[in-house]
Amino acid sequence: KQLTEHRYIFLHRAVGSLVLSSLHSLFSFIVRQNVVRSCTRWLQEQQYKPWRLRSLKLQPLTPVPSDLQISRAQTAKPVNHLAEEIGLLPEELEVYGRSKAKVRLSLLERLNSQPDGKYVLVAGVTPTPLGEGKSTVTIGLVQALSAHLNLNSFACLRQPSQGPTFGIKGGAAGGGYAQVIPMEEFNLHLTGDIHAITAANNLVAAAIDARMLHEATQSDKALFSRLVPSVNGVRRFSPIQISRLRRLGIIKSDPSSLSPEEVNSFVRLDLDPEKITWHRVVDTNDRFLRKITIGQASTEKGLTRETGFDIAVASEIMAILALADSMEDMKSRLGRMVVGTSRSGTPVTAEDLGVSGALAVLMKDAIKPTLMQTLEGTPVFVHAGPFANIAHGNSSVLADKLALKLVGEDGFVVTEAGFGADIGMEKFFNIKCRASGLRPNAVVLVATIRALKMHGGGPSVSAGAPLPTEYISENLNLVSGGCQSNLKKQIQNAQQFGVPVVVAINVFRTDTPAEIDLVCQLAKECGAFDAVPCHHWMQGGRGAVELAQAVKEATSKPSYFQFLYDLQMPIVEKIRTIAKRIYGADDIDVSAEAQRKIDYYHEQQGYSTLPICMAKTHLSLSHLPERKGAPTGFVLPIRDVRASVGAGFIYPLVGTMSTMPGLPTRACFYDIDIDPITEEISGLF
């Protein structure tokens, strides 16, 4: 009996051990299977996802209602639904309400191996003061590509400034049945990027004047004690202060080890008040801030100086946002911004002020593009908004790069350059494409019968005034004159970069069939790959299908892209090349002040190899706004030359260019209002 009991216990334990072992093996197998499945699912999620875009139907009305009425009549898709349709993962989205969202830059890493789509730039002839509808054409084109030809496409647009929105030009969401919606949110604040730029810019300005005050009123020892305070009896340099020491050639990290001379070098920026180039900014057209005197309170110890405000979108920080290709790149560029010069002639940067890290913090959300949609439910990135006459005038590099990955190899990214091709397009090629490494496949050149008549010798066009009779009745002579002058020159300008040109005629109701046919004929004779009329304003994407087909065909041809000038050329020669080959000038006339700056930049390491960003009127190929067509026989005056080192370009000032617009007598704000009950906005366009 005892033996039997022992055998029973032995067998029981053996069977139990065997069962446990089997269960453990089974559990391990299941775990491994789950891990494999999870990894497979994760890898599949990381792959490029084919689009499942659901377009929104349009029912265009005649006559065409106001832009705001059209926008309100369409029900936009929830932005998270749109994001899913175009292959974005939930963790790549930061939703702002129902209709817009920030897209995280991690998308670039996930789709790093995905081939880019086709890259199309929308530019234009030299515009009238009314604008010729490049944004509208851009939106109409992507609506046609995606909603009517079933091709993946993305529009990349700039965020509009509050200045024009409440000034004279209005918003920039497109118009008619080719719009970004909701247009109120597009035109007002959006996701706060311009406010972030304003805060960052003005933090730099405050840091400049505070530092000058403290240096003027404290000894080296007192400055050092406050800049490197003792905490619990120990002084330590912050990382940004260590960087400054290294730039000064001081290889020390112990504050107590600095000599009096080294302390002096460290604490004294010694900014020359007469050579501070940094202005404060505000996103409003306020002409009375163009020149101001600051420091008049008694607390500022008599340290007054003259300075001024620029409009926010003219800030170098806006240009940096548009040209940076990562958070790290943006932070580096912010640190390199030159705010002025010391009395000894040394450039003083934002990093010298110790503020560059704080600027990157203020800009951490602004660097992410904002996702919205068109009236037909196709995706749009809205990001950055530099003006083209006083900056480089293009939406961001990051928005373009994200969109090119999302559309897939056979898709299209359509981005817009500000004002005429001589300004926005030239800077897109020579500045933006250098910064991004991207190469365009085609240019869409927008023309209107109205603008061509102006360039053909028609009377002047003024914003807010009725159009003269010549612009609302058929006049083939004026149209022909505009085609043979400005349109021809702008086509040639695009061809100098080796890119095919499709001319898009933005049709107005007063244009006649004979005028439209004449432009199509002459544009092709002037070298355009194709020229087509566009009716997207009245019909939405259906009215731009012919343009979409022409763009598709043009991008299938080889592109032989090339830059206009070599960066190693002297600064003066780069300016001269643009003036002669793009504007048609005989030569340039460099003022003594401009030449002094050029000589200074040549001495500073790296400045002379920066590209050129001309600050010039957008109303003429020349420096004189009243000279229309394609002027010749003029010398381009270079009044001054400045450097945006953080953004990465030299900008010559041609003639008198203001960086702070003013309000007209009858500003747009007279018509803008809100219903206090429904909270519906009226008067935006």
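Predicted model only: the values in this text are computed from it and were never measured. (Residues numbered from 1 in each chain as written. Predicted model: local features only at pLDDT ≥ 70, side-chain atom pairs only at ≥ 80, totals over all residues. Heavy atoms only, no water.)

Student: It is not clear to me how the pairing of strand 24 (residues 649-654) should be interpreted in this structure. Could you clarify?
Tutor: Put simply, side chains in a regular strand alternate between the two faces of the sheet. Taking burial as the measure, the 6 residues of strand 24 include 6 buried ones, the bulk of the element. Residues of strand 24 alternate between two faces, with F649, Y651 and L653 on one and I650, P652 and V654 on the opposite face, all of them buried. Relative to strand 24, strand 23 (residues 635-644) is paired through 6 bridges, and the arrangement is antiparallel. Following the sheet pairing, A643 is matched in strand 24 by I650. In sequence, strand 23 turns back onto strand 24 through a hairpin of 4 residues, with G648 there showing a positive phi of about 100°. (Buried < 20%, exposed > 50% of the residue type's maximum accessible area, 1.4 Å probe, protein only. Helix = DSSP H or I, 4+ residues; strand = E, 2+ residues; numbered from the N terminus. Pairing = 2+ DSSP bridges.)

Student: Whenever I open this one, the packing of aromatic side chains confuses me. Can you help?
Tutor: How two aromatic rings sit relative to each other is given by the distance of their centres and the angle of their planes. For the structure shown, the criterion picks out 14 aromatic pairs. Ring centres of F428 and F429 lie 5.4 Å apart, and the angle between their planes is 65°; this geometry places the pair in the edge-to-face category. With a relative accessible area of 0%, F428 lands in the buried category. A residue is classified by how much of its surface remains accessible, and F429, at 0% relative accessible area, is buried. Ring centres of F429 and F497 lie 4.4 Å apart, and the angle between their planes is 35°; this geometry places the pair in the tilted category. You can see F429 sitting in helix 17 (residues 421-436) and its partner F497 sitting in the loop between helix 19 (476-495) and strand 20 (501-506), a full 68 residues away along the chain. The ring of F563 carries the charged tip of R434 above its face, separated from the ring centre by 4.1 Å. Between K616 and the ring centre of Y583, over which it is positioned, the NZ or CZ distance is 4.7 Å. (Phe/Tyr/Trp six-rings, centres within 6.5 Å; stacked < 30°, edge-to-face > 60°. Lys NZ or Arg CZ within 6 Å of the ring centre and 35° of its normal.)

Student: Would you mind showing me how to read the sheet that holds strand 22 (residues 587-590) here?
Tutor: Whether parallel or antiparallel, the strands of a sheet pair through hydrogen bonds between backbone atoms. In space, the 3 strands of this open sheet follow the order 22-23-24, with mixed pairing throughout. Across the chains shown, the open sheet's two edge strands, defined by having one partner strand only, are strand 22 and strand 24. The mean angle between the axes of side-by-side strands here comes to 50°, regardless of whether they run parallel or antiparallel. Of the strand pairs in this sheet, strand 22 and strand 23 are connected by 4 bridges, and their pairing is parallel. Paired with V590 across the strands is I638, a residue of strand 23. Across the sheet, helix 23 (residues 571-583) is in contact with strand 22, strand 23 and strand 24; its angle to strand 22 comes to roughly 135°. (Axes fitted to C-alpha atoms, helices over the stretch in contact; angles between N-to-C directions. Contact = heavy atoms within 4.5 Å.)

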